[in-house]
Amino acid sequence: MSLSPLAGTPAPPEILVDLARLERAYYERRPAMDDPTQRVSFGTSGHRGSSLRGSFNEAHILAVTQAICDYRRRQRTDGPLYLGKDTHALSGPAQRSALEVLAANGIETIIQRADGVTPTPVISHAILVFNRGRTAGLADGIVVTPSHNPPEDGGIKYNPPHGGPADIDATGWIERRANELLEGGNTGIRRIPFERAIRVTSTHAQDFVLPYVRDLRNVVDMDAIRDARLTLAVDPLGGAAQPYWEPINHVYGLEIAVVNPRLDPRFAFMTVDHDGAIRMDCSSPYAMAGLVALRDRYRVAFGNDPDADRHGIVTPSAGLLNPNHYLAVAIHYLLTHRPRWPARAAVGKTLVSSSMIDRVVQRLGRGLYESPVGFKWFVPGLFAGALRFGGEESAGASFLRHDGTVWTTDKDGPIMALLAAEITARTGRDPGEHYRTLTAEFGAPYYTRVDAPATPEQKARLQQLSPETLTAATLAGEPILATLTRAPANDAPIGGLKVVTASGWFAARPSGTENVYKIYAESFKDEGHLRAILTEAQAIVDGAS
């Protein structure tokens, strides 16, 4: 991966998005249905694209929203729909388009008052709180967000009544129906003008902020954070969590410094990511360079991406923690500081997350639930309390309330940020210091992810591999102990291959949007062993596919 000379530096004016051009393209451009990149495509986190590329335009949002309305009727979901948006420039227009369809379909829709923004986990929380104890009239939700993607992008995702990301059956149906509507020129869409949609009796504006903020005490030890009088800071990266931090301070008597309170849909305040693009990735040291520079001024500092479903943790001892490192620390802490959690509840991780998590969980005698990539795989377990924690290597996680019941079934960046403060407050050591303790006991892992070129045919073959197609017996000098194309937790296809030895592993998955495949690799020996794993991994995958 080549590093841009702009990486980690303030975004120059010439790379800032033209907001007027972006919004004009949203309304005026029509998708070309013979171009696969301009069709509706639900990945692991909904449909994403850009109006400038013809992949996220008003036509897409109208079709997706009508498809969700049709899906709700098929599922007999007839409660309110919580509609949220983040701070990307296209999110406002897309939310307005969605509301025009929802209102025309007679769906009771709840939005944040004063045209405010709403984090993804807040929508999940609102759905679950409303549905608690109900068996009928269940709520669901839509979040308009492309997560941490660049400023010119937009996104939309659906959360069913379980509160988490929709599963592949739901997204597959919605995707097919939306494309059918687009192919028919969207003639099958019910829609009324926004000026009417915002005023119909089925549209309600409520405050999402305080109900979520006041409930935080039931998932994080807010009293411990207050009593420790820690110096804390947050950079919301111009995202939807920004309006939540001062209420958190007020309700709990905290003094978390909001070091960057700016909201700018161009995200002109950002430092540039590794590839020279503006990307609000709170796990990237380049995108988080501004907060990392303040590491010695605060005991713990943290950031969230625009829809606040991801977290980045900065400490004096470690700077910006690698997401895998913080997941291991958080899991170790929670397993030893939540006595009311169900004894048999497991810990959820994806196959491409660090094996440090495996070692921590095994050491504490708990069960491990290893799933394919995608937070949706953790939803049933978190909902039922069978999983106490679910986390991804991409800096997304959630966990149960103190009493062992569900908090959110989507990734929750604010609680992971506040948990870092709780860990520091209750133990006197920050998460970076805790991670050093873990490496002293289990060894220091070396982890990386790289992209390798692949043709569409190679990508298709990689998705269809079986363990029997692998002929190699060793990896980087060690016997291969396991070859996986299905997840141990639920036997679901992983869309690729994972190969495991005693002190290392790699996993390869094709990209859904580019002609590359992603190789994740880890070694518990050294950097040289990690490089050997990567080299042999590419040879193994190329030979098998």
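It should be noted that the structure appears before, not after, this text.
Keep in mind that this is a model prediction, so the values were computed, not measured.

So, about the pattern of salt bridges. In this structure the tally under the stated criterion is 32 salt bridges. The shortest N-O distance in the salt bridge between K411 and D309 comes to 3.6 Å. Taken together, the residues span a long stretch of sequence, with K411 in the loop between strand 16 (396-399) and helix 14 (413-427) and D309 in the loop between strand 10 (300-304) and strand 11 (311-315) at a distance of 102 residues. Salt bridges linked by common partners bring K157, D307, D309, E392 and K411 together as one network.

Turning our attention to unusual backbone geometry. One non-glycine residue, F267, adopts positive backbone phi at about 55 degrees. Relative to the helices and strands, F267 resides in the loop between strand 9 (257-258) and helix 10 (289-292). One non-glycine residue, D491, adopts positive backbone phi at about 60 degrees. Within the secondary structure, D491 sits in the loop between strand 20 (482-486) and strand 21 (493-500).

Our focus in this paragraph is the packing of helix 11 (residues 323-337) against helix 12 (residues 355-363). One can describe the packing of helix 11 onto helix 12 by two numbers: an axis separation of 9 Å at closest approach and a directional angle of 15 degrees. With respect to their mutual orientation, helix 11 and helix 12 come out roughly parallel. The hand of the helix 11/helix 12 crossing is right-handed. Here L327, A328, I331, H332 and L335 of helix 11 come into contact with helix 12, specifically with M356, I357, V360 and V361.

With that out of the way, let us pick up the pairing of strand 15 (residues 387-392). The buried count for strand 15 comes to 6 of 6 residues, which makes it a mostly enclosed element. As paired elements, strand 15 and strand 16 share 4 bridges and run antiparallel to each other. Counted as the bridge partner of F389 is F399 from strand 16. A loop of 3 residues connects strand 15 with strand 16, the two strands running antiparallel in sequence, and A395 in this loop sits at a positive phi of about 75 degrees.

What counts, and at which threshold
- Residues numbered from 1 in each chain as written.
- Predicted model: local features only at pLDDT ≥ 70, side-chain atom pairs only at ≥ 80, totals over all residues.
- Heavy atoms only, no water.
- Salt bridge = Lys/Arg side-chain N within 4 Å of Asp/Glu carboxyl O.
- Helix = DSSP H or I, 4+ residues; strand = E, 2+ residues; numbered from the N terminus.
- Axes fitted to C-alpha atoms, helices over the stretch in contact; angles between N-to-C directions.
- Parallel < 35°, antiparallel > 145°, perpendicular 65-115°, else oblique.
- Left-handed = near helix turned anticlockwise from the far one by under 90°.
- Contact = heavy atoms within 4.5 Å.
- Buried < 20%, exposed > 50% of the residue type's maximum accessible area, 1.4 Å probe, protein only.
- Pairing = 2+ DSSP bridges.

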